[in-house]
Amino acid sequence: MSEQQWLIPATKGLGFKLDKGQIVRVTDVEGEQVADFAAYNASHPNERIDPGVTIDALGKMNVLPGDILYSNQYRPLLTVIKDTVGRHDFINSACRPEMYEVLYNKKDHASCYNNLNEVLVEFGLPAPDQHYTFNLFMNTVIDPSGKVSVERPLSKAGDYVELRAEMDLIIAISACPCSESVCNGYHCTPIAVEIL
Ligand SMILES: [Zn+2]
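Every value quoted in this text rests on a predicted model; they were computed, and no experiment measured them.

1. Description of helix α3 (residues 112–120)
Two residues of an α-helix separated by three or four positions point the same way, owing to the 3.6 residues in each turn.
Then step 1. Here α3 lies mainly inside the structure; seven of its nine residues are buried.
Then step 2. Every buried residue belonging to α3 is among Cys112, Tyr113, Asn115, Leu116, Asn117, Val119 and Leu120, and all of these are buried.
Then step 3. On its buried face, α3 is in contact with β2 (13–18), β4 (35–41), α2 (97–104) and β11 (169–175).

Printed below as a string of structure tokens:
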């Protein structure tokens, strides 16, 4: 098995195949950088990672090594092998151009939605109406009143997550291009990806 590794430049995306049993390590190179993570069944692309289903199946919104990330069809897609951060986001969908218009009054802003679509088309996957991603390193805090706030990521330089594929997958990752908020510490930086 040949080793594969990539550096996703700040604000860009990456797509690749991950075969069943392979482990991918996603590293926050400089710290405080979110990576939106999408995964599709390589044979049946109508099956994809589903953070809402994962919350339902796990009964929680945090994952530990050994926990499974589920598909929209309630089947195991990936298993968490290692996690040096322990705080990721399950509830926010991928940022998209309209979000930057509404929240920041900026037109034609780079977005995770477009980054993911651009890499997935290389694998023949059509653009979905939205990406419901597992947002690595994103620090979303929900207080008891229900108020939701995106806080500075807890990830430091070199922190990583390792995920093992439980079926043959197509993976897409976006180094989130939002520099307007504390989501990425107001500064977009690269994400490293390696198939172990
Ligand atoms: Zn984003």
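2. Details of the UniProt feature "domain: DUF1989" (unreviewed entry) in the protein
Then step 1. Following the UniProt record, one finds the feature "domain: DUF1989" (unreviewed entry) at residues 8–170.
Then step 2. Taken end to end, residues 8–170 comprises 15% helix and 31% strand; its first and last C-alpha atoms sit 16 Å apart.

3. What to know about the sheet that holds β4
Hydrogen bonds between backbone groups are what pair the strands of a sheet, and the pairing can be parallel or antiparallel.
Then step 1. Read from one edge to the other, the open sheet built from four strands follows the order β2-β11-β4-β7, with strand pairing classed as antiparallel. Edge strands, defined here as strands with exactly one partner in the open sheet, are β2 and β7 (134–136). Across the sheet, the mean angle separating the axes of adjacent strands is 25 degrees when strand polarity is ignored.
Then step 2. In the sheet, β2 pairs with β11 via six bridges, with the strands oriented antiparallel. Bridging across to β11, Gly15 finds its partner in Ala172.
Then step 3. Sheet strands in contact with α3 are β2, β4 and β11, and its direction is about 145 degrees off that of β11.

Conventions we followed
- Residues numbered from 1 in each chain as written.
- Predicted model: local features only at pLDDT ≥ 70, side-chain atom pairs only at ≥ 80, totals over all residues.
- Heavy atoms only, no water.
- Buried < 20%, exposed > 50% of the residue type's maximum accessible area, 1.4 Å probe, protein only.
- Helix = DSSP H or I, 4+ residues; strand = E, 2+ residues; numbered from the N terminus.
- Contact = heavy atoms within 4.5 Å.
- UniProt positions renumbered as here; feature names shortened; annotations may be inferred.
- Pairing = 2+ DSSP bridges.
- Axes fitted to C-alpha atoms, helices over the stretch in contact; angles between N-to-C directions.

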